[in-house]
Amino acid sequence: MSENNALEILTGALTAGQIDTVDLTHTLDPDFPVIVLPPEFGQCARFRVEEVSRYDERGPAWYWRNFTCSEHTGTHFDAPIHWVSGKDLPNSSVDSIPTDAFVRPVCVLDCSKESAKDEDFLLTPKFIKNWEKVHGDVPGGAWVLMRTDWSKRSGAEYLNMREDGAHTPGPTGDAINYLIETRNIIGFGTETVGTDAGQSTHLSPPYPAHYLLHGANRYGLQCLANLDLLPATGAILVCPPLKIKNGSGSPLRVLALVARNTV
Ligand code: MN
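Residues numbered from 1 in each chain as written. Predicted model: local features only at pLDDT ≥ 70, side-chain atom pairs only at ≥ 80, totals over all residues. Heavy atoms only, no water.

1. Things to note about the overall build of the protein chain
Step number 1: Along the backbone of the protein chain there are six helices and 15 strands.
Step number 2: At 19 Å, the protein chain has a C-alpha radius of gyration in line with the 18 Å of a compact globule built from 263 residues.
Step number 3: Expressed along its principal axes, the backbone C-alpha trace of the protein chain runs to roughly 65 × 60 × 40 Å.
Step number 4: The buried share among the 263 residues of the protein chain stands at 46%.
Step number 5: For the protein chain, the share of sequence-separated contacts (at least 6 apart) that also reach a separation of at least 24 residues comes to 72%.
Step number 6: Here the protein chain has roughly 13,500 Å² of accessible surface; of this, 54% comes from carbon and sulfur atoms. (Helix = DSSP H or I, 4+ residues; strand = E, 2+ residues; numbered from the N terminus. Rg over C-alpha atoms; globule rule 2.2 N^0.38 Å. Buried < 20%, exposed > 50% of the residue type's maximum accessible area, 1.4 Å probe, protein only. Contact = heavy atoms within 4.5 Å. Areas by Shrake-Rupley, 256 points an atom, 1.4 Å probe, with all protein chains shown as cover.)

Below, the structure is given as structure tokens:
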């Protein structure tokens, strides 16, 4: 084996059982909540499935189903073209994004304690800089995930809607600007139903994660799970969306490769 072949080293580690494959995905299920917008807007569809045949007269030797859903149902990827700020950028739909974006190092910012105390917790540059004092700078080109343990909620508690809208944690615009401009991240992901906080319509700009990330041709991930199983740094995220023509996003399977005993 040549000493410098990175894939041979990775293959060896996989074969030796030194790498765990952590699933960061919720199961696509009709009961899984989707984002709810004010009633004057079009709405996101839940996952639906219909049986075509199951070893019966409709198909004696095979089982298969048709499914429908939004591009933004379940654990899903947001492409730049999803937001008006990214609508004219090159390679901004899921079918045209350069595929190297889908395999990258990942940093996990643990905001779980703060989010347990304050359901409207906002991630700030100060929080990120304090994290960097412990874990080192967020490397260029990385994905950054905001751990809130929100994925452990279910039903109405997950969306956490009240008369004045959703109450869920998310980033400030300053935090997203810091990650893009100072750290050159490729994307930002959350456990909640959007990359933005539930009350982010009141931030400046409104929906700062969507507006700033997609305006800078960066990507989003939402409805992630199992972020508590990841180390703060050192894992590799694998997150290729479906190749939907002109797609604004896509449900997907998100995996993290984690060296054993690093958590
Ligand atoms: Mn989305």
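2. Overview of the nonpolar core
Step number 1: Counting 25 residues, the largest nonpolar core has Leu24, Phe77, Trp143, Leu221, Leu230 and Leu237 as the members making the most contacts within it.
Step number 2: The set of elements that each furnish at least two residues to this core consists of strand S5 (103-110), strand S7 (143-147), strand S12 (219-222), strand S13 (235-238) and strand S15 (255-259).
Step number 3: Residues Trp131, Val144, Leu212 and Ala232 belong to the second largest nonpolar core, which totals 23 residues. (Core = buried A, V, L, I, M, F, W, Y, C linked by side-chain atoms within 4.5 Å.)

3. Focus: the coordination of the manganese ion
Step number 1: Coordination of the manganese ion by the protein comes from His72 (ND1), His76 (NE2) and Asp78 (OD), over a distance range of 2.2 to 2.3 Å.
Step number 2: Sequence spacing among the residues donating to the manganese ion works out to H-x3-H-x1-D. No difference in accessibility class separates His72 from His76, as the two residues are buried. (Donors = N, O, S within 2.8 Å, 3.2 Å for Na, K, Ca; no water.)

4. Considerations on the sheet that holds S12
Step number 1: As summarised here, the arrangement of the nine strands in space is S1-S15-S13-S5-S7-S11-S12-S4-S14, forming an open sheet in which the pairing is mixed. Each edge of the open sheet carries a strand with a single partner, namely strand S1 (19-23) and strand S14 (249-251). Ignoring strand direction, the axes of neighbouring strands in this sheet form an average angle of 25°.
Step number 2: Both S1 and S15 contribute to a ladder of five bridges, which runs antiparallel. (Pairing = 2+ DSSP bridges. Axes fitted to C-alpha atoms, helices over the stretch in contact; angles between N-to-C directions.)

5. Considerations on the packing of aromatic side chains
Step number 1: One pass over the structure, following the stated rule, counts nine aromatic pairs.
Step number 2: Ring geometry for Phe77 versus Tyr219: centroids 5.6 Å apart, planes at 35°, classification tilted. On the criterion of sequence distance, the pair formed by Phe77 in strand S4 (residues 76-78) and Tyr219 in strand S12 is long-range, its members being 142 residues apart.
Step number 3: By way of ring pairs, the aromatic residues Phe77, Phe102, Trp143 and Tyr219 are connected into one cluster.
Step number 4: Residue placement shows Arg54 over the ring face of Tyr63; its charged tip is 4.1 Å from the ring centre.
Step number 5: The ring of Trp150 has Arg153 lying over it, and the distance from NZ or CZ to the ring centre is 3.6 Å. (Phe/Tyr/Trp six-rings, centres within 6.5 Å; stacked < 30°, edge-to-face > 60°. Lys NZ or Arg CZ within 6 Å of the ring centre and 35° of its normal.)

Geometric values such as these leave the question of function open.
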